[in-house]
Amino acid sequence: MRIRRDKRDQLAARGMEPYAIGLPITTTIAAVRAAHPDLEADVATGEKVGIAGRVIFQRNTGKLCFATLRAGDGTEIQAMLSLASVGEEALQSWKDLVDIGDHVFVAGEVITSKRGELSVMADEWRMASKSLRPLPVAHKPLNEETRVRQRYVDLIVRPEAQKVARTRVEVLASVRRSMSERGFLEIETPMLQTLHGGAAARPFVTHSNAFDIDLFLRIAPELFLKRAVVGGLERVFEVNRNFRNEGADRTHSPEFTMLEFYAQYLDYRDVARITRELYQEAAQSAIGSLTVDHPDGTVLDLSGEWPEIDLFESLSEAIGEEITPETPREHLVMLCDQQDIAFHPTAVAGKLAEELFEHYVVPTLVNPVFVMDYPVDTSPLVRGHRTKAGVVEKWDLYINRMESGTGYSELVDPVIQRERLVEQASLADRGDDEAMHLDEDFLRAMEHGMPPMGGVGVGVDRMLMALTGLGIRETILFPLVKPGQS
RNA sequence: GGGGCGCUAGCUCAAUGGUUAGAGCUGCGGACUUUUAAUCCGUAGGUUCCGGGUUCGAGUCCCGGGCGCCCUACCA
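Note that the structure is a prediction, hence the values are computed from the model and not measured.

A. The arrangement of the pattern of salt bridges in detail. Scanning the model with the defined rule gives 36 salt bridges in all. Where Glu474 meets Arg147, a salt bridge forms, and the shortest distance between an N and an O atom there is 3.3 Å. Of the two residues, Glu474 sits in helix H16 (residues 472–475) while Arg147 sits in helix H5 (residues 144–149), which places them 327 residues apart along the sequence. Take Glu474 and Arg147: they sit in the same class, and that class is buried. The residue Arg177 makes a salt bridge to Glu170 at a minimum N-O spacing of 3.4 Å. Members of the salt-bridge network, linked through shared partners, are Arg4, Lys7, Asp99, Asp102 and Lys130.

B. Region of interest: the packing of helix H9 (residues 268–287) against helix H15 (residues 460–468). At a closest axis distance of 11 Å, the pairing of H9 and H15 adopts a crossing angle of 55°. Classed by the angle they form, the pair H9 and H15 counts as oblique. Crossing angle aside, the handedness with which H9 passes H15 is right-handed. Along its contact with H9, which presents Leu278, Tyr279, Ala282, Ala283 and Ile287, the element H15 presents Arg462, Met463, Ala466 and Leu467.

C. Fine view of the confidence of the model for chain A. Confidence in the prediction for chain A averages 90 pLDDT; 97% of positions are at 70 or higher. Among the scores for the predicted complex, ipTM is 0.81 and pTM is 0.89.

D. Looking closely at H15. Most of H15 is tucked away: nine of the nine residues are buried. Those residues of H15 not exposed but buried are Val460, Asp461, Arg462, Met463, Leu464, Met465, Ala466, Leu467 and Thr468. Two residues or fewer after H15 comes Gly469, characterised by a positive phi angle close to 75°.

Scoring rules and cut-offs
- Residues numbered from 1 in each chain as written.
- Chains lettered and ligands numbered in written order.
- Predicted model: local features only at pLDDT ≥ 70, side-chain atom pairs only at ≥ 80, totals over all residues.
- Heavy atoms only, no water.
- Salt bridge = Lys/Arg side-chain N within 4 Å of Asp/Glu carboxyl O.
- Helix = DSSP H or I, 4+ residues; strand = E, 2+ residues; numbered from the N terminus.
- Buried < 20%, exposed > 50% of the residue type's maximum accessible area, 1.4 Å probe, protein only.
- Axes fitted to C-alpha atoms, helices over the stretch in contact; angles between N-to-C directions.
- Parallel < 35°, antiparallel > 145°, perpendicular 65-115°, else oblique.
- Left-handed = near helix turned anticlockwise from the far one by under 90°.
- Contact = heavy atoms within 4.5 Å.
- pLDDT = per-residue confidence, 0-100.

So this is what it looks like as structure tokens:
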């Protein structure tokens, strides 16, 4: 650090700017590479360029210096500085003052070296940004903590980190494209809410000084998106952050990115199809394939139609006895106890059935599957099933043994909705801090006539996980980390 | 929440309770006009995560704390 600071000062002393702006850059490394895909060794093209990049390797010999410059997109090119073309003073400055990690500008002719490496033979060089801290040694894996805490370093030295960051960009762009093509409007709804609703989760609480009230960071945008549909924005979506004050592990982050979309007059099967298409289009544009290979050897096949299984039927089959929405709570408790499945003491029968499902069936769900028709008592915002008793028109999408999305035929009857929410509110009063509170304004919106609609929530981070096989903290560029000692 | 493992030089890692905590790469000085993780010679580099304790002696053992990873549970 101290030595590099001295070099920074030396640059100024020799009349060079250590952080130069307005450099005469004429092209990119990628463009030079693309223009000269397969030159023979030891060729001079006569083409003059000005390029800049970060020094990633250096090989300084006596009168001829080599450096590998890398751009953010991972493309690299070699810079060569010879005594003959830059002169003694510039060559000496280069050897004295350039370190691995510096951004440098090089202007000169595009050539290939005697070993065939595409290079720029410099006529001049300039410092673009003097790096004061050394880069970690290349070719040795950084430990996971440093990668997450200093993602900027991770991105410099590990091309895979770049790739993941760019895959996320591509997935988000693809999702927005797919939604737009189907007539959905991207809208923004409140992150700061006076009541949290739309999901069952513990919220983060903050305080507004101006209004002198406590506010919640949203756990879901659902109730506002539905209000927008009431208002005649017939198809809406939002891709943005939700915040849940709960556990963090390989598949959960306190802030995570969620896609929600709602479309009037569609039902849960219609939106399931759209969800599958979204996924397939995102996979195609982000990784170029509907077959995904994970580092752990898992292979996901996202192609074609995705199968549907019935929650209670598949559970009954797995257990070997019939389980229905009418199966008494006591019996489900007994089945859970047999398998040492833990559950919350106040859990309702439907919740227990879902616990059993997670234990028996979920571990087998690698390729995408829509799990259909959930118990009514765990789904307060979903419409009752049109033919089956005790269940609602809801699916969960499982990919790679992970819940990756959920879709409903939304409940739009304000009278039934009020009954369900009152029931939830009484749960909240009894100490279930994840139950929903009564949102009178939401009910008021419904009472103005909410069109029948299908709605979906898809975890975008989990999309990235499915497409890369990585943990959630690798798919998020800057995940929350506890402050360290220093 | 419970259990396990880890934290030592810029990075990746060594070090039976016992000399002055080592190695590779990085860095620094030098040689070299075709190198590719360049090579060769020389050299520097430490609050062993923090705080206590046991001991003649602690990176190592004990207690407390911090941070991370894995497993497990919880979180519809």
